[in-house]
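# Observations on the model geometry
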Amino acid sequence: VISKVCSIFGMRIKMRMKMNFEKNQLITVDIVDMTSEGEGLGKLDGFPFFVKDTVIGDQALVRIVKLKKNYGYGRLEKVIRPASCRREPKCSFHKSCGGCQIQAMSYESQLTFKQTKVKNNLIRIGGFEEEKINAVLEPIVGMEEPFGYRNKAQYPIGKDKNGNPVAGFYAGRTHSIIANTDCLLGAAENREILEKVLAYMKEEGIAPYDEESGKGLIRHVLIRKGFASGELMICLIVNQKGRNGIYLKNQDKLISSLSHIKGMTSISVSVNCDRTNVIMGKEIHTIWGKDTISDTIFIRNPEKGFAPTEKGITFAISPRSFYQVNPVQTEKLYSLALSFAGLTGAETVWDLYCGIGTISLFLSQKADKVYGVEIVEQAVKNARENAALNEISNVEFFAGAAEEVVPAKYRESGGTLRSDVVVLDPPRKGCDEKLLQTVIQMEPKRIVYVRCDPAPLARDLKYFGENGYVLKRICPCDMFGHSYHVETVCLLSKRSIMSM
């Protein structure tokens, strides 16, 4: 009864506090924490405010933009006293773009933020004891250079107030384009490519796509680069079907301009005439060069500072291929996964959500047999082609949803399907519970779990813990510098194996 009364009384206090604040009011707030999405959290007279673009330790002048019953939102007007970790962002668009939520923090502080984020999620959501997490959580693997790391960029095309075509990025939580052809996270060649496309559109009077009317031709420009090969790919997403291989006015003029850029290997168009937010269309047609570009990922030794080994795996990448956007960190992430798997050459491995076979082909170097499962049929086709390209014969790929394929294979085997190691690298929405149940039934000795969101990761690790698996190692890896995202690779071992 006392706790309920105190809770009600506390709520009433907050309600009265709220009444002392008004929208558009200027307040001074000390930022004492950050949300998992990189927003600063400050309190004034005990009432919490979330303030974008602030970092822990800032004292900030804030304008109230929204008030809820128990909290409010503020817009940063001025940093009165900067935190020791605050840095001047290199990008002048960092506030409006929304892609680099924590660029105002020093990179070392970004890594600390992400390490803490993983730890807190495992404790609060996973229910793990702090002492246990401290014992198994390894230092986050950071980047040597946290700029220019993205090998893929998708630029929406629109027009400015004067009607000129522009390329850039959507402002946070909007579809308003911020004109910027030189994102500091992308490849250096992106700017030249975009400027040539925009110049061509202006000269030929080609209108960008308009979401409201559904009219206009060019919707997006996709650029990919093979960091190891230096090969470049551009794919124009267009709002009309072609005729006799022609999709653009004076198409040869654009091809001539782009094909002279050093490294240009593939120019294609993707036809998307649907009124949708989905970027890529179902039809892709190469109008110059090859259908794919190549890139090579090298296996590295985590025990020796990620020194590269002799073996590299080459991948053919199409416009639609899923391929990690940070190849330098991908080598570290996948090498950690391979190390965690503890393969000796005798194991059977199932790699679920295998994409174009990146982790599968890594694992094949030290496993007896690897099975990969992927829902995207084109990705499975690419995976098989990549296996052939690297002359790897001990892998087999299945097309279909992992939560359907694996249980079906288990039933077909009469419940005898087993795997020494299971690797999980699910998309953002995570693993289906039916799949998790089947993984448990397969009784793998080890589970290697790679996940880009520590909250659902913690939930699934809790599930495995309740079903006979012990969390042995956790290592965050920074794949997306200056954003709040963090990738994590974990190792779980079967409890009965551990007790032997």
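Definitions and limits used
- Residues numbered from 1 in each chain as written.
- Predicted model: local features only at pLDDT ≥ 70, side-chain atom pairs only at ≥ 80, totals over all residues.
- Heavy atoms only, no water.
- Salt bridge = Lys/Arg side-chain N within 4 Å of Asp/Glu carboxyl O.
- Helix = DSSP H or I, 4+ residues; strand = E, 2+ residues; numbered from the N terminus.
- Buried < 20%, exposed > 50% of the residue type's maximum accessible area, 1.4 Å probe, protein only.
- Polar contact = N/O pair within 3.5 Å; in protein donor to acceptor, adjacent residues only side chain to side chain.
- Contact = heavy atoms within 4.5 Å.
- Pairing = 2+ DSSP bridges.
- Right-handed = clockwise from strand over helix to strand, strands pointing away.
- 1 Å grid on protein atoms, 1.4 Å probe; cavity = no way out; pocket = protein on both sides within 12 Å on 5 of 7 lines; lining within 4 Å.
- Points joined across faces, edges and corners; volume = space filled by probe spheres on them.
- Nonpolar A, V, L, I, M, F, W, Y, C, P; charged D, E, K, R; others polar.
- Axes fitted to C-alpha atoms, helices over the stretch in contact; angles between N-to-C directions.
- Expected span 1.5 Å × (residues − 1).

### Remarks on the pattern of salt bridges
A side chain of one charge can pair with a side chain of the opposite charge when the charged atoms of the two come close. For the structure shown, the criterion picks out 23 salt bridges. Among the salt bridges present, the one from Arg63 reaches Glu77, with a minimum N-O distance of 3.3 Å. Separated by 14 residues along the polypeptide, Arg63 in strand 4 (residues 59–67) and Glu77 in strand 5 (residues 72–81) bring together distant segments of the chain. Overall, the relative accessible area of 22% leaves Arg63 in the partly exposed class. With a shortest N-O distance of 3.2 Å, Glu77 and Arg75 are connected by a salt bridge. Take Glu77: its relative accessible area is 36%, and that puts it in the partly exposed class. You can call Arg75 partly exposed: its relative accessible area is 44%.

### Things to note about the side chain of Glu204
Mapped onto the fold, Glu204 is located in helix 5 (residues 190–204). You can call Glu204 buried: its relative accessible area is 10%. Among the polar contacts made by the side chain of Glu204, one reaches the side chain of Lys253 at a distance of 2.9 Å. Once residues lying within four places of it in the same chain are set aside, the contact partners of Glu204 are Lys249, Asn250 and Lys253.

### With respect to the pairing of strand 16 (residues 369–374)
Working note: regular strand, side chains alternate between the two faces of the sheet. Both strand 15 (residues 348–352) and strand 16 contribute to a ladder of five bridges, which runs parallel. Bridging across to strand 16, Asp351 finds its partner in Gly372. Handedness of the crossover joining strand 15 and strand 16 through helix 8 (residues 358–364) is recorded here as right-handed. Two elements, strand 16 and strand 17 (residues 395–399), share five bridges in a ladder whose sense is parallel. Among the inter-strand pairings, Gly372 is bridged to a residue of strand 17, identified as Phe397. Read from strand 16 through helix 9 (residues 377–389) to strand 17, the crossover connection turns out right-handed.

### Looking at the pairing of strand 19 (residues 446–451)
In terms of residue burial, strand 19 counts as a mostly covered element, since six of its six residues are buried. One ladder, built from four bridges, connects strand 18 (residues 421–424) with strand 19; its direction is parallel. Bridge pairing in strand 19 places Val423 opposite Val448. With respect to chirality, the unit in which strand 18 leads through helix 11 (residues 433–441) into the neighbouring parallel strand 19 is right-handed. Relative to strand 21 (residues 487–494), strand 19 is paired through six bridges, and the arrangement is antiparallel.

### Here's the deal with the layout of surface pockets
Estimates place the volume of the second largest pocket at around 530 Å³. Ile157, Gly158, Ile177, Tyr209 and Glu211 are, among the 27 residues lining the second largest pocket, the residues nearest its centre. Looking at the lining of the second largest pocket, the elements with two or more residues in it are strand 6 (152–159), strand 7 (165–170), strand 8 (177–179) and strand 9 (218–225). Element by element, the count of residues in the lining of the second largest pocket is highest for strand 6, at four residues. A per-class count over the lining of the second largest pocket returns eleven nonpolar, nine polar and seven charged.

### Some remarks on the sheet that holds strand 4
With respect to topology, five strands assemble into a closed barrel ordered 1-2-3-5-4, the strand pairing being mixed. Ignoring which end each strand starts from, the neighbouring axes of this sheet average 50° apart.

### Thoughts on helix 3 (residues 107–124)
Across its 18 residues, helix 3 extends 26 Å between first and last C-alpha, which sits within 8% of the 26 Å expected from 1.5 Å per residue. All of the buried residues in helix 3 are Tyr107, Ser109, Gln110, Leu111, Phe113, Lys114, Gln115, Lys117, Val118, Lys119, Asn121 and Leu122. In this structure, the buried residues of helix 3 make contact with strand 1 (26–34), helix 4 (130–136), helix 12 (454–466), strand 20 (469–477) and strand 21.

### Quick word on the sheet that holds strand 9
As summarised here, the arrangement of the seven strands in space is 8-7-6-9-10-11-12, forming an open sheet in which the pairing is mixed. The sheet terminates laterally at strand 8 and strand 12 (283–289), the two strands that pair on one side only. The average undirected angle you get between the axes of adjacent strands in this sheet is 35°. Two elements, strand 11 (residues 264–271) and strand 12, share six bridges in a ladder whose sense is antiparallel.

### Concerning unusual backbone geometry
Although it is not a glycine, Asn24 sits at a positive phi angle of roughly 75°. Positionally, Asn24 belongs in the loop between helix 1 (2–19) and strand 1. At Asn250, a position not held by glycine, the phi torsion is positive, near 45°. Structurally, Asn250 is set in the loop between strand 10 (232–238) and helix 6 (251–259). Here Asn250 falls in the partly exposed class, since its relative accessible area comes to 43%.

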